[in-house]
Amino acid sequence: MPHSKIDTTSAKPQTAQVIIVDDEEALRVSLSQWLDLSGYTICVHADAISALEDITPDFAGVILTDVKMPKLDGIAFTKSVLAIDRDIPVILMTGHGDVPMAVEAMKSGAYDFVEKPFEPNDILESLERAIEKRKLVIENRALRTQIAQQGTLDSRLIGNSPSMRALKAEIANIAPTEVPVLVSGETGTGKELVARAIHDLSVRHDRRFVAVNCAAIPESTAESELFGHEKGAFTGATNRRIGWIEHADNGTLFLDELSSMPLALQAKLLRVIEQREIVRLGSNTPVKVNFRLICATNEDLPTAVADKRFREDLLFRINTFELQIAPLRQRKDDLPLLFDIFAERAAENFDRPYEKPPAKLWGGLLAHEWSGNVRELKNLAERYVLLTGNAEERWARLFGNSIGNGAADPADKTGSLADQLRHFEQHIIRDALTRHNGNVKTVMDELDIPRRTLNEKMKKLNIRRDTIEER
């Protein structure tokens with residue numbers, strides 16, 4: 001018998017899903033009509049075997065099934081459902097003589113049972129409780145997945161400042177989807193790193209990540225580079241060449257510095273995004289492509305649109321979701337941590353010892369403008385490791401004597417005295433917690449402050465022990 005399918009993509013989030021399984025047509029019709037009027041999304045089956053085709057571990061609803069049915073009875077059906085996902089609620093509809101059997105099924109994992117004959121209202125309370133339980137299970141799984149993703153991100157995107165924590169939460173949220181993402185930020189902030197993190201946390205993680213720097217492609221060969229060409233398409237085209245877009249088929253295409261793309265090429269890219277097909281130079285045959293699109297820019301694209309340098313319709317296509325990376329000067333809380341990690345990695349790569357700069361020198365990081373952002377900081381940490389001399393001598397060679405002492409040039413706009421003191425105090429406490437693996441008692445002894453004072457300062461300075469302990 002034909003049966004209706006639940007459309008999990010179009011069902012409204014607030015509409016609960018119920019699968020009804022019963023070989024009696026009259027009961028299926030009456031019960032489904034009543035539950036439909038009560039606001040549920042209904043899927044009906046005349047037998048349990050066909051019902052199993054609609055049940056997956058991410059099924060977000062409840063199953064309402066008869067016990068005595070041909071082909072596969074309700075007890076065996078319940079066991080099959082729980083083998084798919086032990087947390088799917090199954091409510092059994094049973095005749096009076098089958099109550100002992102239903103009780104036994106509940107011991108094996110069924111959620112509840114109701115006796116026939118029943119009024120529809122009799123089943124509503126059990127159904128609502130089961131739906132609420134399933135909703136909580138699904139939400140908790142999503143939360144655990146997000147937490148796991150954020151843990152992975154912590155090892156890639158270093159920093160505990162509020163802006164970095166917000167960025168990592170947004171990446172964990174958007175990565176599993178297929179929507180186009182626009183990553184914006186100044187040069188050196190790590191836009192490709194963010195794009196790779198999105199790819200690696202997506203369903204396409206085992207496929208290619210194809211990164212294309214649009215600014216590095218000569219305009220004369222840009223179309224061939226992106227779309228490919230056939231043999232003989234132009235002088236020198238001795239063989240067919242697959243373009244970058246086709247190379248990213250089934251994977252992720254990352255277009256960096258997109259604003260530098262010529263307008264004529266932007267129009268062709270727009271068609272590819274809309275039609276999901278490319279035509280190689282020298283060919284008239286479209287080739288279907290399937291890719292996740294991530295773009296990056298260090299320029300304000302609405303301004304480029306106003307200046308007629310970027311197509312407005314293309315902007316609408318690529319920025320379904322936008323991630324903005326804060327420049328390093330706006331997240332100075334992360335500076336000591338970033339420097340430490342970059343220097344430790346450099347020491348390992350270059351086989352050199354790493355003498356950690358004493359706390360009194362960290363003011364040099366806070367006073368610097370960091371126009372090159374994280375890329376500049378990484379370069380500086382590597383140079384620090386490669387230089388000779390003690391920590392103070394290396395620091396002075398990198399920053400100059402005034403900054404090397406932790407004192408900023410009065411002409412530099414580094415923030416108020418209170419802000420600089422806050423950054424300095426924050427680093428001292430975080431550094432002590434890191435060295436002592438989050439042991440508050442040891443930190444209290446070293447800094448010679450009582451527990452209450454330390455707790456108050458950690459709260460005021462937004463220092464969390466859990467993130468310290470993870471390092």
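Residues numbered from 1 in each chain as written. Predicted model: local features only at pLDDT ≥ 70, side-chain atom pairs only at ≥ 80, totals over all residues. Heavy atoms only, no water.

1. A few points about helix α10 (residues 263–275)
Between its first and last C-alpha atoms α10 spans 19 Å; for 13 residues at 1.5 Å apiece the expected length is 18 Å, and the two agree. Listing the buried residues of α10 in full gives Leu265, Gln266, Leu269, Leu270, Val272 and Ile273. Buried residues of α10, seen end-on, are gathered within an arc of 160° and therefore sit on one face of the element. Contact partners of the buried residues in α10: α8 (222–227), α9 (244–247), β10 (252–256), β11 (277–278), β13 (292–297) and α12 (312–318). Immediately beyond the C-terminal end of α10, within one or two residues, lies Arg276, with a positive phi of roughly 55°. (Helix = DSSP H or I, 4+ residues; strand = E, 2+ residues; numbered from the N terminus. Expected span 1.5 Å × (residues − 1). Buried < 20%, exposed > 50% of the residue type's maximum accessible area, 1.4 Å probe, protein only. Arc of directions from axis to C-beta. Contact = heavy atoms within 4.5 Å.)

2. Things to note about the sheet that holds strand β3 (residues 62–66)
Spatially, β2-β1-β3-β4-β5 is the arrangement adopted by the 5 strands of the open sheet, whose pairing is parallel. Of all strands in the sheet, those with a lone pairing partner are β2 (41–45) and β5 (112–115), marking the two edges. Recorded for the sheet is a direction-independent mean angle of 20° between the axes of neighbouring strands. Pairing geometry for strand β4 (residues 90–94) and β5, over 4 bridges, is parallel. (Pairing = 2+ DSSP bridges. Axes fitted to C-alpha atoms, helices over the stretch in contact; angles between N-to-C directions.)

3. Describing the side chain of Asp85
Structurally, the position occupied by Asp85 is in the loop between α3 (74–84) and β4. One polar contact links the side chain of Asp85 to the main-chain amide nitrogen of Asp87, over a distance of 2.9 Å. Other than its neighbours up to four places away in sequence, Asp85 contacts Pro57, Arg134 and Arg141. (Polar contact = N/O pair within 3.5 Å; in protein donor to acceptor, adjacent residues only side chain to side chain.)

4. Some words on the packing of aromatic side chains
By convention here, two paired aromatic rings are described through the distance between centres and the angle between planes. For the structure on display, the rule yields 7 aromatic pairs. Judged by centre distance (5.9 Å) and plane angle (20°), the rings of Phe209 and Phe254 are stacked. Pair noted here: Phe209 is in strand β7 (residues 209–213) and Phe254 is in strand β10, with a separation of 45 residues, a long-range link. With respect to burial, Phe209 and Phe254 carry one shared label: buried. Considering the side-chain rings of Phe339 and Trp395, the 5.3 Å spacing of their centres and the 70° angle between planes classify their relative orientation as edge-to-face. Of this pair, Phe339 sits in helix α13 (residues 335–350) while Trp395 is found in helix α16 (residues 391–399), placing the two residues 56 residues apart along the sequence. The buried category is assigned to Trp395, whose relative accessible area is 0%. Put simply, the rings of Phe339, Tyr354, Trp370, Tyr384, Trp395 and Phe399 touch in pairs and so form one group of aromatic residues. Between the NZ or CZ atom of Arg276 and the centre of the ring of Phe291, over which it lies, the distance is 4.4 Å. Over the face of the ring belonging to Tyr384 we find Arg394, whose NZ or CZ atom lies 5.3 Å from the ring centre. (Phe/Tyr/Trp six-rings, centres within 6.5 Å; stacked < 30°, edge-to-face > 60°. Lys NZ or Arg CZ within 6 Å of the ring centre and 35° of its normal.)

5. Some points on the confidence of the model for the protein
This prediction gives the protein a mean pLDDT of 84; 88% of its residues lie at or above 70. The low-confidence segment residues 1–14, where pLDDT is below 50, has 23 contacts with residues more than four positions distant or belonging to other chains. The low-confidence segment residues 402–415, where pLDDT is below 50, has 21 contacts with residues more than four positions distant or belonging to other chains. (pLDDT = per-residue confidence, 0-100.)

6. Side note on the state of the cysteines
For the structure on display, the rule yields 0 disulfides. The structure places no disulfide on Cys214, whose sulfur is separated from the nearest cysteine sulfur, that of Cys295, by 7.6 Å. According to the relative accessible area criterion, Cys214 is buried, its value standing at 8%. Judged by its relative accessible area of 0%, Cys295 is buried. (Disulfide = S-S within 2.5 Å.)

7. Points about the pairing of strand β1 (residues 17–21)
Among the 5 residues of β1, 5 are classified as buried, and the element is accordingly described as predominantly covered. Pairing between β1 and β2: 5 bridges, direction parallel. Each bridged residue has a counterpart across the sheet, and for Ile20 the counterpart in β2 is Val44. Bridging between β1 and β3 involves 4 bridges; their strand directions are parallel. Each residue of the ladder has a partner; that of Val18, found in β3, is Val62.

8. Some thoughts on the environment of Gln17
The residue Gln17 is located in strand β1 in this model. For Gln17, a relative accessible area of 7% translates into the label buried. Note: C-alpha distance between Gln17 and Asp36 (19 residues apart in sequence) is 10.0 Å.

9. Details of the nonpolar core
Within the largest apolar cluster, 32 residues are counted, with the highest numbers of intra-cluster contacts made by Ile245, Leu253, Leu255, Leu258, Phe310 and Ile318. Within the residue set of this core, elements represented by two or more residues are β7, α8, β10, α10, β13, α11 (301–306) and α12. The biggest single contributor to this core is α10, with 5 residues. If we skip the residues at most four places from it in the chain, Leu253 touches Val210, Val212, Trp244, Ile245, Ala248, Phe291, Arg292, Leu293 and Ile294. (Core = buried A, V, L, I, M, F, W, Y, C linked by side-chain atoms within 4.5 Å.)

10. Section: unusual backbone geometry
Residue Arg276 is not a glycine yet carries a positive backbone phi of 55°. Here Arg276 shows up in the loop between α10 and β11. The partly exposed category is assigned to Arg276, whose relative accessible area is 25%. The backbone phi angle of Lys308 is positive, close to 65°, even though this residue is not glycine. Looking at the secondary structure, you find Lys308 in the loop between α11 and α12. Take Lys308: its relative accessible area is 67%, and that puts it in the exposed class.

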